[in-house]
Amino acid sequence: MQFVDLQAQFEVLEQGIRTGIDSVLRHGKFIMGPEVYELEQRLAGYVGVKYAISCSSGTDALLMALMAENIGPGDAVFTTPFTFVSTAEVISLLGATPIFVDIDPETFNIDHHKLLLAIEAMKKIDPAIHPLPKVPCGISALKPRAVIPVDIFGLPADYEPLLEIAGREGLFVLEDAAQSFGGAYKGRRAGGLGHAGATSFFPAKPLGCYGDGGAVFTDDEVYAEKLQSIRNHGQGSEKYDNIRIGLNGRLDTLQAAILLEKLKVFPDELASRQKIAAKYTQLLSRHKPGVTVQHIPDDCSSAWAQYSILSDSRDSIHNALKKAGIPSMIYYPKGLHQQTAYSGLGFAADDFPVTEKICERILSLPIHPYLSDEHVERICYILNEAMSS
Ligand SMILES: *Cc1c(COP(=O)(O)O)cnc(C)c1O
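**Re the sheet that holds strand β10 (residues 291-293)**
Consideration 1: Taken together, the 3 strands give an open sheet; going across it, the order is β10-β12-β13, and neighbouring strands pair in antiparallel fashion. The open sheet is flanked by β10 and β13 (362-365), the only strands paired with a single partner. Adjacent strand axes in the sheet meet at a mean angle of 35 degrees, parallel and antiparallel pairs treated alike.
Consideration 2: Here 4 bridges tie strand β12 (residues 307-311) to β13, and the two strands are oriented antiparallel to one another. Following the sheet pairing, Ile-309 is matched in β13 by Leu-363.

**A look at the packing of aromatic side chains**
Consideration 1: Scanning the entire structure with this criterion turns up 19 aromatic pairs.
Consideration 2: Geometrically, the ring pair formed by Phe-108 and Phe-153 is edge-to-face, given 6.1 Å between the ring centres and 85 degrees between the ring planes. On the criterion of sequence distance, the pair formed by Phe-108 in the loop between β3 (97-100) and α5 (112-124) and Phe-153 in the loop between β4 (143-148) and α6 (159-169) is long-range, its members being 45 residues apart.
Consideration 3: You can call Phe-153 buried: its relative accessible area is 0%.
Consideration 4: The interplanar angle of 50 degrees and the centroid separation of 5.6 Å between the aromatic rings of Phe-172 and Tyr-223 together place this pair among those described as tilted. In this pair, Phe-172 is assigned in strand β5 (residues 172-176) and Tyr-223 in helix α7 (residues 221-231), connecting sequence segments 51 residues apart.
Consideration 5: With a relative accessible area of 9%, Phe-172 lands in the buried category.
Consideration 6: We classify Tyr-223 as buried; its relative accessible area is 6%.
Consideration 7: Sitting over the face of the ring of Tyr-46, Arg-189 holds its NZ or CZ atom 4.0 Å from the ring centroid.

**Considerations on the packing of helix α3 (residues 58-67) against helix α4 (residues 86-93)**
Consideration 1: For the pair α3 and α4, interaxial distance at closest approach is 9 Å and the crossing angle is 40 degrees. Compared by their axis directions, α3 and α4 come out oblique. Here α3 runs over α4; the crossing is right-handed. Each of Thr-59, Leu-62, Leu-63 and Leu-66 in α3 lies in contact with α4, whose residues at this interface are Ser-86, Thr-87, Glu-89, Val-90, Ile-91 and Leu-93.
Consideration 2: Its residues assigned to classes, the contact of α3 with α4 comprises 6 nonpolar, 3 polar and 1 charged.

**A look at the domain arrangement of the chain**
Consideration 1: For the chain, the assigned domains read domain 1 (6-261) and domain 2 (267-388).
Consideration 2: Using only C-alpha atoms to locate each centre, domain 1 and domain 2 end up separated by 24 Å.
Consideration 3: Listed per partner, the contact involves 45 residues of domain 1 and 36 residues of domain 2.
Consideration 4: Interface area for domain 1 against domain 2, summed over the two sides, is near 3,400 Å², with a carbon-plus-sulfur share of 66%.
Consideration 5: Run the count over domain 1 and domain 2 and you get 1 salt bridge.
Consideration 6: A salt bridge links Asp-299 to Lys-186; the nearest nitrogen and oxygen atoms lie 3.3 Å apart.
Consideration 7: Counting only elements with at least two residues in the side of domain 1 that touches domain 2, the list comes to α1 (6-27), α4, β3 and β6 (184-185).
Consideration 8: Class assignment for the residues of the side of domain 1 that touches domain 2 results in 25 nonpolar, 12 polar and 8 charged.

What counts and what doesn't
All residue numbers refer to position in the chain's written sequence, counted from 1. Owing to the predicted nature of the model, reporting of local features is limited to residues with pLDDT of at least 70; listing and counting of side-chain atom pairs is limited to 80 or more, with chain, interface and lining totals taken over all residues. As a rule here, side-chain values come from all non-hydrogen atoms in the structure, and water together with hydrogens is ignored. Two strands are said to pair when DSSP picks up at least two bridges between them. Working definition: helices are DSSP H or I runs of at least four residues, strands are E runs of at least two. Numbering for both runs from the N terminus. Orientation is described by lines fitted to C-alpha atoms, with helices fitted over the stretch in contact, and by angles between N-to-C directions that extend from 0 to 180 degrees. For this analysis, a ring pair means two rings from Phe, Tyr or Trp (six-membered ring only for Trp) whose centres lie within 6.5 Å, classed as stacked if their planes differ by under 30 degrees, edge-to-face if by over 60, and tilted for the remaining angles. Classification of residues uses two cut-offs on accessible area relative to the type maximum, computed with a 1.4 Å probe and protein chains only: under 20% is buried, over 50% is exposed, and between them is partly exposed. Here, over-ring charges are defined by two tests on the NZ atom of lysine or the CZ atom of arginine: distance to the ring centre within 6 Å, and angle to the ring normal within 35 degrees. By definition in this entry, angles of less than 35 degrees are roughly parallel, angles greater than 145 are roughly antiparallel, angles of 65 to 115 are roughly perpendicular, and the rest are oblique. Note on convention: the crossing is left-handed when the near helix lies turned anticlockwise from the far helix by less than a right angle, right-handed when the turn is clockwise. Here a residue-residue contact requires only that any non-hydrogen atoms of the pair lie within 4.5 Å. When residues are grouped by polarity, Ala, Val, Leu, Ile, Met, Phe, Trp, Tyr, Cys and Pro land in nonpolar, Asp, Glu, Lys and Arg in charged, and all others, Gly among them, in polar. A domain assignment, automatic or from a database, supplies the domain bounds used here. Buried area, as used here, totals the accessible surface that two parts lose on assembly, with accessibility defined by a 1.4 Å probe and the loss added over both. Salt bridges, as used here, are contacts in which a Lys or Arg side-chain nitrogen is within 4 Å of a carboxyl oxygen on Asp or Glu.

What follows is the structure in structure tokens.
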């Protein structure tokens with residue numbers, strides 16, 4: 001059994017993908033070929049935004065989105081410590097400072113009540129209100145500029161209160177939709193829920209290519225033009241006119257051709273993921289309270305990048321599945337504040353207790369559109385055995 005079975009998907013899509021790749025090999029426009037622009041149109045249409053700017057990875061999508069907002073040294077950006085390192089890495093790469101905010105224990109997404117506390121702690125320079133990082137220039141020298149809510153495992157964060165707080169405090173909201181392409185919040189698609197959204201086409205993501213890729217979504221024309229320029233070395237109106245510092249951040253035409261084919265079946269694949277998740281939830285509900293699953297609020301749907309459970313018996317479940325040849329993953333074994341790379345921020349153990357507790361108890365089970373009911377049943381059976389032994 002595979003954790004994400006890309007081979008099974010290829011068998012279904014092989015002909016279309018080969019035709020798409022072949023066509024690029026023949027026309028030879030490997031950089032910014034017509035498939036890239038067609039994909040951007042389709043992505044924007046799917047997400048329900050005016051502009052989609054494709055790029056070289058989800059990390060670069062986040063980076064470009066912050067660059068286009070002129071985030072840099074002296075700026076503070078709020079995000080959660082319960083995410084893949086990219087989310088905070090891009091903040092640090094630009095010389096800005098990540099301010100971690102703990103998550104909700106049921107959805108695993110940023111807790112907006114704690115965001116308010118973090119903002120207050122910064123204003124009053126009082127880490128007793130909320131943990132603050134140690135920075136050489138002192139916390140009072142930092143200017144709160146943005147928040148990056150992460151749609152963890154495919155479930156959109158709670159954007160209504162987040163946008164309300166951001167509006168009051170003048171913060172830019174960048175949605176990390178790397179895991180949530182296909183998810184929805186109050187009738188709107190993930191990627192289009194903040195002032196900008198960034199997604200990833202890493203192969204194992206809900207919509208993945210055969211390499212690295214990503215995209216930024218926005219409704220703002222001026223911001224979209226800035227992103228297009230940043231992705232291509234800060235290009236101005238002419239090829240060798242450079243008006244700002246940018247990146248080589250383009251998506252390969254070959255990857256765009258692959259994504260165009262995968263996007264065709266994406267709605268069916270999403271429905272399949274949702275069916276599998278519902279089956280897991282139904283079969284696992286009998287283990288309550290020994291096993292709990294990520295809570296999906298009524299007005300939200302997840303893209304189910306991961307199906308994750310919490311249990312005090314996490315390690316025995318993990319080992320029992322492993323023995324049975326079933327892969328399961330621990331996302332994430334520790335919070336970003338506990339990572340060596342972020343030790344310089346000086347956060348203490350227990351600063352983000354919800355994150356830390358979840359890191360000790362979480363386990364992600366196999367999920368992909370081609371996972372059979374029998375496999376889901378077998379996984380739940382083995383989990384049951386591990387729980388009762
Ligand atoms: C995968 C991921 C990213 C980074 O995407 P890449 O395409 O691998 O660079 C960023 N944030 C989150 C939450 C992710 O899961």
